[in-house]
Structure formats: C-alpha cells, structure tokens
Amino acid sequence: MAKSKFLQSSFVSGELSPLLKGRVDLDQYYQGMETAENVLIVPQGGLKRRAGTQHVDTAEKIIKPFISSEITASMPRGGTVANINDFNPATVGLTTTSIEDLGTGSEADYIVAFYNIAGQSSLGKFIDVKDIKLSGTGSGVFKIQASSDNASWSTSKTLTVTAEAQSIRIKLSNLSTAKYFRIIRTGDTGDLGTLKIQLSEFNVLYATSDASDVKTFDFSVETDRHYLCVVTGGADTSPSYGNMAIYRVTDQTANFLPVAHLPLPFKSTEVADVRDVQTENVMLMFHEDHAPKRIINTNTTTFTIDDIPFLNVPQFDYNDASSPTPTNYVTTMTLSNFSVGDRFQIDVEGVLSKNITLTGSAASSAFNIEKNLQEMPIFGDTGIAVTGGNSAFVITVSGESTKNFQEWSAFATSDSATPTNTIAFSNITQGVPRKEDVWSDTRGYPKTAAFHAGRLWFGGTKSKLQSLFASRSGSFFDFFTEEGDDDEGIFITISSRQLTEIIDINPDRGLQVFTAGAEFVVNGSTPSDISVQSQTQHGASYLEVKSVDGSTLFVDQNGKTLRSFLYNYNEDAYNSTDISVLSSHLIDTPADVGVLSGSLSEDANWVFIVNQDGTSSVLNTLRSQDINGFTKWINGDTGTAYPIKTVSVSVVNNDLFLVNKRTTDTTTTYTVEKWDFDYLLDSSVKIIDRVLVPDGQQQVLLQTDHLTGFTVSVVVRGVTLPSRVVQPISGTDNNGKLIITSEEETFIRASGNIVDVEAGFNFTPKIKGMPLNTSGPAGQNQMREKKITRMNLRVYKSSGVQIDGNPVAIRQFGDAANTPLDSNLPEQTGIIQDNNGGNGWNIEVQPEITVPNPTPFHIQAIEYEVESS
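Residues numbered from 1 in each chain as written. Predicted model: local features only at pLDDT ≥ 70, side-chain atom pairs only at ≥ 80, totals over all residues. Heavy atoms only, no water.

Draft legend 1. Up close: the overall build of the chain. What the chain contains, in helices and strands, is two helices and 71 strands. Expressed as lengths along the three principal axes of its C-alpha atoms, the size of the chain is roughly 115 × 90 × 45 Å. For the chain, buried positions account for 50% of its 869 residues. For the chain, the exposed area adds up to about 36,700 Å²; of that, 46% sits on carbon and sulfur atoms. (Helix = DSSP H or I, 4+ residues; strand = E, 2+ residues; numbered from the N terminus. Buried < 20%, exposed > 50% of the residue type's maximum accessible area, 1.4 Å probe, protein only. Areas by Shrake-Rupley, 256 points an atom, 1.4 Å probe, with all protein chains shown as cover.)

Draft legend 2. Local environment of the pairing of strand β61 (residues 757-761). Burial runs high along β61: five of the five residues are buried. When strand β55 (residues 682-687) meets β61, the two strands line up antiparallel, connected through four bridges. Each residue of the ladder has a partner; that of valine 685, found in β61, is alanine 759. The sheet contact formed by strand β57 (residues 711-716) and β61 spans four bridges and is antiparallel. For valine 715, the partnering residue across the bridge sits in β61 and is glutamate 758. (Pairing = 2+ DSSP bridges.)

Draft legend 3. Here's a closer look at the nonpolar core. The biggest cluster of nonpolar side chains holds 33 residues, and the ones touching the most others in it are Val129, Phe181, Ile197 and Phe202. Taken together, the elements giving at least two residues each to this core come down to β10 (110-116), β11 (124-134), β12 (140-147), β13 (154-161), β14 (166-171), β15 (180-185), β16 (197-199) and β17 (201-211). Residues in contact with phenylalanine 181, not counting those within four places in the same chain, are Ala113, Phe114, Tyr115, Ile117, Gly124, Ile127, Gln145, Ala146, Trp153, Leu172, Phe202 and Val204. Among the nonpolar cores identified, the runner-up in size contains 29 residues, and Ile767, Ile803, Ile832 and Ile859 belong to it. (Core = buried A, V, L, I, M, F, W, Y, C linked by side-chain atoms within 4.5 Å. Contact = heavy atoms within 4.5 Å.)

Draft legend 4. Highlighting the packing of aromatic side chains. Counting across every chain of the model gives 44 aromatic pairs. A network of ring pairs unites the aromatic residues Phe286, Phe310, Phe316, Tyr318, Trp439, Phe458, Phe469, Phe479 and Phe491 as a single cluster. Sitting over the face of the ring of tryptophan 153, arginine 182 holds its NZ or CZ atom 4.0 Å from the ring centroid. (Phe/Tyr/Trp six-rings, centres within 6.5 Å; stacked < 30°, edge-to-face > 60°. Lys NZ or Arg CZ within 6 Å of the ring centre and 35° of its normal.)

Draft legend 5. Seen up close, a negative patch on the surface. The grouping of Glu482, Glu483, Asp485, Asp486 and Asp529 at the surface amounts to a negative patch. Along the chain, glutamate 483 turns up in the loop between β38 (467-470) and β39 (490-493). A relative accessible area of 49% means that glutamate 483 is categorised as partly exposed. (Patch = residues over 30% accessible without salt bridge, like charges linked within 9 Å, V, L, I, M, F, W, Y side chains within 5 Å. Salt bridge = Lys/Arg side-chain N within 4 Å of Asp/Glu carboxyl O. Lys, Arg positive; Asp, Glu negative; His and termini not counted. Charge placed at Lys NZ, Arg CZ, Asp CG, Glu CD.)

Draft legend 6. Layout of the pairing of strand β65 (residues 786-798). As paired elements, β65 and strand β71 (residues 858-868) share nine bridges and run antiparallel to each other. In the strand pairing of β71, isoleucine 788 is matched with valine 866. In terms of strand pairing, β65 meets strand β69 (residues 828-832) through four bridges, oriented antiparallel. Considered in β69, the bridge of leucine 793 is made with isoleucine 832.

Draft legend 7. Structural view of the sheet that holds β39. Strand order in this open sheet of four strands is β36-β37-β38-β39, and the pairing throughout is antiparallel. Sheet topology places β36 (449-452) and β39 at the edges, where each strand pairs with a single neighbour. Mean inter-strand twist for the sheet, computed between neighbouring axes without regard to direction, equals 20 degrees. (Axes fitted to C-alpha atoms, helices over the stretch in contact; angles between N-to-C directions.)

Draft legend 8. Structural view of the pattern of salt bridges. Applying the stated criterion across every chain, the model contains 35 salt bridges. Two residues, aspartate 236 and lysine 267, come together in a salt bridge whose shortest N-O distance is 3.4 Å. Here aspartate 236 is found in the loop between β19 (225-232) and β20 (242-249), whereas its partner lysine 267 is found in the loop between β21 (258-264) and β22 (275-279), with 31 residues between them in sequence. Across the pair arginine 472 and aspartate 478 runs a salt bridge whose closest N-O atoms are separated by 3.9 Å. Exposure remark for arginine 472: the relative accessible area of 22% places this residue in the partly exposed category. Three or more residues joined by partner-sharing salt bridges are found here, namely Glu15, Glu37, Lys632 and Lys766.

Draft legend 9. Layout of the confidence of the model for the chain. When pLDDT is averaged across the chain, the result is 91; 95% of the residues are at 70 or more. No element of the chain has a lower mean pLDDT than strand β68 (residues 811-812), at 68, and none a higher one than strand β23 (residues 282-287), at 98. This model gives residues 816-823 a pLDDT under 50, and the stretch forms three contacts once residues within four places in sequence are excluded. (pLDDT = per-residue confidence, 0-100.)

Draft legend 10. Focus on helix α1 (residues 362-374). Taking 1.5 Å as the rise per residue, α1 with 13 residues should run 18 Å; its terminal C-alpha atoms sit 18 Å apart, in good agreement. What α1 keeps buried is the set Ser365, Ala366, Ile369, Asn372, Leu373 and Gln374. Of the residues that open α1, the one with a side-chain oxygen 3.3 Å from the backbone nitrogen of alanine 363 is serine 361. (Expected span 1.5 Å × (residues − 1). Polar contact = N/O pair within 3.5 Å; in protein donor to acceptor, adjacent residues only side chain to side chain.)

Draft legend 11. Seen up close, the sheet that holds strand β27 (residues 329-336). One open sheet holds the four strands; their spatial order is β31-β32-β27-β34, and the pairing between them is antiparallel. Two strands lie at the open edges of the sheet, namely β31 (384-388) and β34 (422-429), each paired on one side alone. Strand-to-strand twist across the sheet, computed as the mean angle between neighbouring axes with direction ignored, equals 20 degrees. As defined by bridge partners, β27 adjoins β34 across seven bridges and the pair is classed as antiparallel. Bridging across to β34, threonine 331 finds its partner in asparagine 427. Here α1 sits on the sheet and contacts β27, β31 and β32 (392-397); the angle it forms with β31, its principal contact strand, is near 160 degrees.

Draft legend 12. Representation of unusual backbone geometry. Cis geometry is adopted by the peptide bond preceding proline 239, which originates at serine 238 and carries an omega value of 0 degrees. Along the chain, proline 239 falls in the loop between β19 and β20. The amide bond that connects glycine 389 to the next residue, asparagine 390, takes the cis arrangement and shows omega of 10 degrees. Tracing the backbone through its elements, the reader meets asparagine 390 in the loop between β31 and β32. Of note, the phi angle at glutamate 280 is positive, near 50 degrees, even though the residue is not glycine. For glutamate 280, the position within the fold is in the loop between β22 and β23. For glutamine 703, which is not glycine, the phi dihedral falls at a positive 60 degrees. Looking at the element boundaries, glutamine 703 is found in the loop between β56 (699-701) and β57.

So, in structure tokens, the structure goes:
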C-alpha cells in the first residue's frame, strides 16, 4: 500500500463548518478542524485549553420596596412621614424640631425617621435614602441604622449631611435579620441651631424569589480605576427598582466585593436593551423608555446618579393625537409714515426676514408679508396668515409654526418719503406650539449614544428611529439647534430605500451608523456640512457593534453572519466582509458580543460571541497575521440536567466577564464569572488560605454558596481528586464546603504555608482534524480507504492528553524532572510519539484528541503517516 505524510502545524482557521468537508481546494481546510471545543487559537501556533472562569458573585434577584401599608413608620422630630415612602420625589418630609446641640436624656438622639417591618415575613435587603439635606448652611453627621430587635442597633452608613441634597443606596449583609430601620443623629457634636433636616424618600427594599435578567458594563476612569457594573432589573411595575452593583477590578483582584450599589429604573425585561457610553469619570446609560441616567465617579468607592441635565432639547412636530394642542400666536403690526414702495424687514427672535415691499394694494402687501414670513427658517412650512392693511396688519401664526414668541420687531430698509417711518407690534394672543421635545416621557428617549468629535451623539429615539442628534460642540448636554451656527447641535434624519432604524453608532474612523437595513458613515462636523453616506446594504441585528484590530464587527440582520466593516482605499468606501462564512454553524442569533483585545498574558484578539441558546463561540482575529478562526465554547458540566447557559459578556480593562444562567425546575440563578487562564474549571473557586482548610476537620470552606448541592471537580496542586458534592454549612446562607479525607487534608496542607485547592465545573477540550487528505502516487485520498500507521503530536506544557479515549505519555526532552512525590503534577513539553489513533482502516480515520481532566493542554503540531488504497 502507498504511504504518504501530512503535517498540520497551523490551526488558525479554527473549527470549520460541516459544509466544508469536501473543500480540499481551500488552504483553510488544512489549517482548520472538524471539532475545536473548549480550546483557543494561539497566534504563534497551535491550540490551547481555553481559560477557566473564576466565580465573581451571584447576581441580585428582583427587589421591591415595602409600601406604606406594610410599614409602621414615624418621624419622631416632626414631618409628614407619608411623604417619604410614597415614591414621589416631589413630596418631602421636613422635620419641625430644631436639631440644635445634642443634649442628654430624651434629647441625646435626633431620630429623623423610623420604620418597623416586624409584621412582614421578608427581610430588608436594601435601604434607599433620597435627597437628604439640611434646611440651611451647616454640617451634621447622621447614621442609617438597622436592628433585629429595636434595641441593639448597627450602623450601615454614616453620612455627613449638608445643605446639598444627597442620595444613597445601602445593601445589608446577606446574614442580616433586621426588621427595624432609622435615620439618626447620635454621638455628633456641634450646635446646628434651628436647622432641620429634609428628605424626599426613605425606602426599605426586599429581595423576591424571582431572578432578574442581568447585563454587565465596564466603567474605566483611569489606569487603576476600572469597574465592573452588574445591572439587574426590578419588577414589571412603574416605577420599577433595579440595581447596579459596582465592583472595582484590578489585575491583582482575587475576591470581588461591590464597592457601591446604585438604584436604576429598569425592569428585568428591559435590562438587555440598556446601552451605555463613557467619558472621563462620567458614565451615561440609555433605554428608550427611561430618561437617560448620568453616573459620576468621584473617588474609588463613591458614585452618584441622576438624570442627564439636558439643555435645549430639540423640538419636533409629531402632529398626532399625542401632540400638544396648539394656540395661535396673534400680533398686530402697525406701519407709520410708510409710502408705497417702502421696504422693511421683520426680526423674529434674532432671525430676519427678507426685504418686504409695501404695495399700493392691501391684499398684495399682506401677501408679501405672509410669503416672506413663511420662508423664514424659524417657522414651519405652513401656518402664517396675514390680513388687513395698508398701515395695520394682523399676523396669525398657527399649526406647525406657532410657539411662545418673544415680542417681534421690524425696521425700514428704504424710505421714499421722509425717514420718519416706524413699525410697532402689539401682541393679542400668545402662542402655544404643537412642537414638543423630541424625547420625553411621552415620546420615549434616546436608544444609543457615542462621543465623537467633541459632541455627544444619539442614534435614534423611541419615536424618531432614523434620526441622529448631536450636542453643541464642547457642551455635551446642550442640543441648541435654532440658528445653524457651526458649533450648534445637529438634528438629521437618514433617508434611504433600505430600513434605516438605527441599531448602533460607533465613533471609529468617522462616525459609523449601523441600521436595520444598511450601514452608513457621517461626513462633516457642522450643521451646514453634515451628510450621511450609504456604504453597504446588509443591515445589523440589534446588538452593539465592536471595534477590533482596525475594523468594526457587527452581526448582520439574519443573525447568522459576523461581518467586518472596514475601509477600502481602492474603492474609497467601506466594505462589509463576511468573516464567519467558514464557521457559520457557530453563529446563531447572538445575544451579546465582547472583545478582549489582548490580555495580560496573551497577544491575541478574542471576540466572544454569546448565542441566543446560551452556547458561545470565540473568534481569534489578527489581521496582520491573517488569523481568523472560530472555536466552540462549551460551559462546564454541572453533573445535572440543568446546564450552564451564558447570556451576557463584557470586557473591563484586560478582563472578560461572563453572566451565566442556571435554571432548575424551581429556581433560576445568574452568576458573574471572570475569564482567567489561571483557573482550570468553570464557576470556579480557589482556596489559598490555610484558615479555610481547618486543621484536623477534614473540610475545605468555599466562602460561597453558588456550588452548594452540585457535584464539582476538585484540583489540588495540579492533581485531580475524585469529584464530590458541595455541602451546605449549617447556620449560614453564603457558604458551602468540601468534605475531604484525612489523606487529602495531609496532601492539601503539605505545601508549606500555602494551600492550592480549586473547585468548580470541569470542561473537556476536544479537537479533531478535518477528514485526512494526503497526496501519494495514486493521488489524493480524502474519500478512499486509509489507515493511520503513525501519528506524532507536539505539545507544550501539557498533561492528561488522550487520543480516542486512550491516555498517552509525553516524551519530554531535556533534563529529567525531580521526583513528583509530594509536589505539583508537572506540565510536560515534548512529543506524543508512535500513536496510530486506533481507528484501523476506514475512510474517516481522523482521531479525536481530548483532555478529560482539568489539566493544561497546548498542541502545536500533528504529523500523520497514512497508508491508503
């Protein structure tokens, strides 16, 4: 039989579609794999075990406030207690007793507000205090306290209250059993005289059993201030009470704890559609049904939130049943000492008309005035009517042209008689416009935003889906657009034959606009030269686009294709190239996309794509090296019928974070996980503290309950221990533990003062090449009977490799390693030699390479010797 050889040393095409099994004419065929699961493409060559995921936290459930009928409440120092639990910021509670200097006895403490929820089965989990301030200039220290018995109080937050209103959200410990809550001044010194204290809301919220949808955002302020923001929604009510937990992320972070919580108005069902944009220490959040929010970071742990303070919101005449009812503006214009042929101009709020000529006919003079007024840019296309003459005219402004005008003026520009002519105006009726704010509670709000060229841009609102808005240059929240000056705001609408609902805008090489039917680029930067030019006609799915490696990635409207939007100098236009065509089976209506542009340990660009069914794929792209390949991400095995599904992804600095969902017959839980190559398991916990392995107690404390009840894999110093179920710890709600044997305890504690235990869900890297095709004397043999007579694999820092389910040894070169007894399992670099794959004669003889245990794996090349008919 003829023998031939084939060496695969490049895997940069990743996992290829089953439709490509016959495409031996493509170079990518010989650089790709039939199966590439739980591995990543390495730019320098080969495939490696994907990163594990470190458990960060369990996301909050839907929270609700206790309403007034569920609370026994009072304001002991006076004030209307009903006003501070009515969820209306316009009503306030103002104490009536002067704060003065704290005295003794009954005057020792100044209790502003007191709540008792002892009659409720639910426990308070969050406390919201809104707009708390002193009634005048001064400063006092107040405490927000909680108690389980109304006798022993613990302080949850200490506030320095001044005349400037403050708002704060506090999360209580998961172990808190508090039923009593209060705001109090105690232990403070200083005479505050007749000052009193005012607040608009004091709310206690509890956690329901219903899981909220979750979305993560990044917030980067400076090199050592990077934050992960985890947004959860409230119940399907108005108002709704969502939450944003903020975690400070640093390169050295081993444990994650929120540094702040902020209230958000989003419902659970709205969370997925929230967008954000950032500049310096400000983060803006957008949803079409809510007024945009501004979040300001003032130091490492302090954040404030409010509505964006817009100025000069653009006006638009929707002209429908929801539009304001217009009132005509009526004024009289009286001409004195004018003769036939005299000319004049009318000034309406700084906008001048053209020259108007007084004729010998009252009707023609009225027509001249009406025509010239209607052409002024301050009015609409219709609505001006002029009657009377020839010295007194009544001007009526109605419909789309009417508004609340300042008094008009006019002046003569030519005089055929004497220069004594004057023009006077007298208002009869002030107008009310039909125009209204283009975004509002009635019309909805901006959907997506970007900072570009010194302006804040909005891409579409709920009622103006195809419109772009830009703020004044250098003034991000001012959208004044009346006079057309170069620094004024911009309001334009995209018109095209394709569907132009704006999906996202991206400030890359120029402002890119992605719509449901086509892709555009904005040219110009002022109201006078702005234009929107069509580039390609594919249309985008409702997802944020991502910039990476000089191009912009977007998922097109069919939900099956990932495209690269890239400028082509030869065509002087952008092209939208299909970069997923060879691996189209891995793209399935993505729900989220994240881009990790290199990391602390890798120089690759990884695009993490979350599909609607909870599966994921990872694209490795590096255009300069012609690397473009997808691999499949399969979440760790929970050992149950309830798998982990990924629903969201975001990147903070150099770290990628995932939101995973686990649903059983009774509960749904969302957890936040961090991509980390130092972890070998998913949803993983690492124990390096000897205190968490109590001497002689044969247990490992995990300090989290997200694994409790699940069968997990356990890795100790590189050695895989038998799997076991995580047990609950009695009396706690935030801990689980591993039961270990005395021998395992000895092994765990043998390494000096440091332990190394990892527990989580295992996943199996799996690779299988495309059907073998080698060339020999008889030609190509892809569809012929053949047999692998010899196969060599080159691996790097690997262990636990199996071929077709059979463990294999690695022949390591260089000096022999030290004895492995009482030490970590060694990672070996070398060749797996003389293995034939075990498949015998067949057409499909490609072996399957797996690493079933949580051990390192990096394959660099595979050499085949094939005997064929």
